[in-house]
Amino acid sequence: MSLEMADIKTLTKKDLKFLIELEELLYDRKSEMPDGSYTTSMYKKGIDKIAQKVGEEAVETVIASKNTKDKETINEAADLIFHLMLLLAEKEIPLHKVIKKLRKRHDKGSHKHIGE
Ligand SMILES: N=c1c2ncn([C@@H]3O[C@H](COP(=O)(O)OP(=O)(O)OP(=O)(O)O)[C@@H](O)[C@H]3O)c2ncn1[C@@H]1O[C@H](COP(=O)(O)O)[C@@H](O)[C@H]1O
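The following refers to the structure shown. Every chain is numbered on its own, with residues counted from 1 as its sequence reads. Owing to the predicted nature of the model, reporting of local features is limited to residues with pLDDT of at least 70; listing and counting of side-chain atom pairs is limited to 80 or more, with chain, interface and lining totals taken over all residues. Hydrogens are left out, water is left out, and the side-chain values use all remaining heavy atoms of the structure.

### Here we look at a positive patch on the surface
A cluster of like positive charges, contributed by Lys-101, Lys-104, Arg-105 and Lys-108, occupies part of the molecular surface. Position of Lys-101 among the secondary structure elements: in helix H6 (residues 95–108). With a 1.4 Å probe rolled over the protein chains alone, any residue whose accessible area is under 20% of its type maximum counts as buried; one over 50% counts as exposed, and the rest are partly exposed. Judged by its relative accessible area of 45%, Lys-101 is partly exposed. Patch construction takes residues with relative accessible area above 30% that form no salt bridge. Like charges are linked within 9 Å, and nonpolar side chains (Val, Leu, Ile, Met, Phe, Trp, Tyr) are linked within 5 Å. Accessible areas in this description were obtained via Shrake-Rupley with a 1.4 Å probe; residue shielding takes into account the shown protein chains only. Each reported salt bridge corresponds to a side-chain nitrogen of Lys or Arg within 4 Å of a carboxyl oxygen of Asp or Glu. Asp and Glu are treated as the negative residues and Lys and Arg as the positive ones, with His and the ends of the chain left uncounted. Lysine's charge is taken at NZ, arginine's at CZ, aspartate's at CG and glutamate's at CD. Each helix is a run of DSSP H or I of at least 4 residues and each strand a run of E of at least 2, with the numbering of both proceeding from the N terminus.

Given below as structure tokens:
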């Protein structure tokens, strides 16, 4: 196994569970809209601002990947994933639909399938 594959394998069930919990938190914020929450402030600004933020974070991730160390790319990728999840929550598109789409594409491909 290459070093890279060993690193990939360190994504744990705990990490994946955290993504589920974060998605739940984004929906809680949407219904409760507590003061002082960044998420609340973004919901108040609306879909245009949220989408713009996803675009900005995507560009910042690209720039970081070209010019700086991994740490900065990791920071920007975290911002990007967070804001993408926020955009999906704003549109009430559950994350599992996106994952299912990825799985469907994988199942359709002529490549070797995961687990084979
Ligand atoms: N993961 C994040 C997260 N990542 C990034 N951010 C915010 O995203 C913003 C990133 O924007 P920038 O770095 O561009 O800075 P900015 O100056 O605020 O940007 P502008 O909107 O002014 O353009 C920062 O304000 C960060 O605080 C996040 N805010 C919240 N979360 C998660 O969401 C949860 C709920 O947060 P609240 O809703 O604030 O309680 C938290 O517990 C975290 O788990």
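From this point, the narrative continues.
### Examining the nonpolar core
Here, the term nonpolar core denotes a set of buried Ala, Val, Leu, Ile, Met, Phe, Trp, Tyr and Cys residues that are joined through side-chain atoms within 4.5 Å. Formed by 13 residues in total, the largest nonpolar core has its most connected members in Leu-26, Tyr-43, Ile-50, Phe-82, Met-85 and Leu-86. Here this core gets 6 residues from one element, more than from any other, and that element is helix H5 (residues 70–90). Pairs of residues are marked as contacts when any of their non-hydrogen atoms sit within 4.5 Å. Contacts of Ile-50, omitting those with residues within four sequence positions, involve Met-42, Tyr-43, His-83, Leu-86, Leu-87 and Glu-90.

### Quick look at the site of the ligand
The immediate surroundings of the ligand are formed by Leu-22, Leu-25, Arg-29, Ser-37, Tyr-38, Thr-39, Lys-53, Glu-57, Asp-79, Phe-82 and His-83. Here a polar contact is recorded for every N or O atom pair within 3.5 Å, except that within protein the pair must consist of a potential hydrogen donor and a potential acceptor, and residues adjacent in sequence are included only if both atoms are side-chain atoms. One of the side-chain N or O atoms of Arg-29 is found 2.8 Å from an oxygen atom in the ligand. Coverage of the ligand by the protein amounts to 54% of the 840 Å² it exposes when considered alone. Amino acids outside the nonpolar list (Ala, Val, Leu, Ile, Met, Phe, Trp, Tyr, Cys, Pro) and the charged list (Asp, Glu, Lys, Arg) are all regarded as polar, and Gly is one of them. Partitioned by chemical class, the residues of the shell around the ligand number 4 nonpolar, 3 polar and 4 charged. The nearness test applies per residue and asks whether one of its heavy atoms lies within 4 Å of the molecule or strand.

### Brief notes about the packing of aromatic side chains
Ring geometry is summarised as follows: Phe, Tyr and Trp rings, the Trp one being its six-membered ring, pair when their centres sit within 6.5 Å, and such pairs are stacked at plane angles under 30 degrees, edge-to-face over 60 and tilted between the two. What the rule picks out here adds up to 1 aromatic pair. With a centroid separation of 6.3 Å and 40° between ring planes, the pair formed by Tyr-38 and Phe-82 is classed as tilted. One end of the pair, Tyr-38, is in helix H3 (residues 38–45); the other, Phe-82, is in helix H5, with 44 residues separating them in the sequence. For Tyr-38, a relative accessible area of 39% puts it in the partly exposed group.

### Considerations on unusual backbone geometry
Backbone geometry places Met-33, a non-glycine residue, at a positive phi of 45°. Mapped onto the secondary structure, Met-33 falls in the loop between helix H2 (13–32) and H3. Met-33 gets classed as partly exposed once you look at its relative accessible area, which sits at 28%. For Glu-92, which is not a glycine, the phi torsion comes out positive at approximately 55°. Position of Glu-92 relative to the elements: it lies in the loop between H5 and H6.

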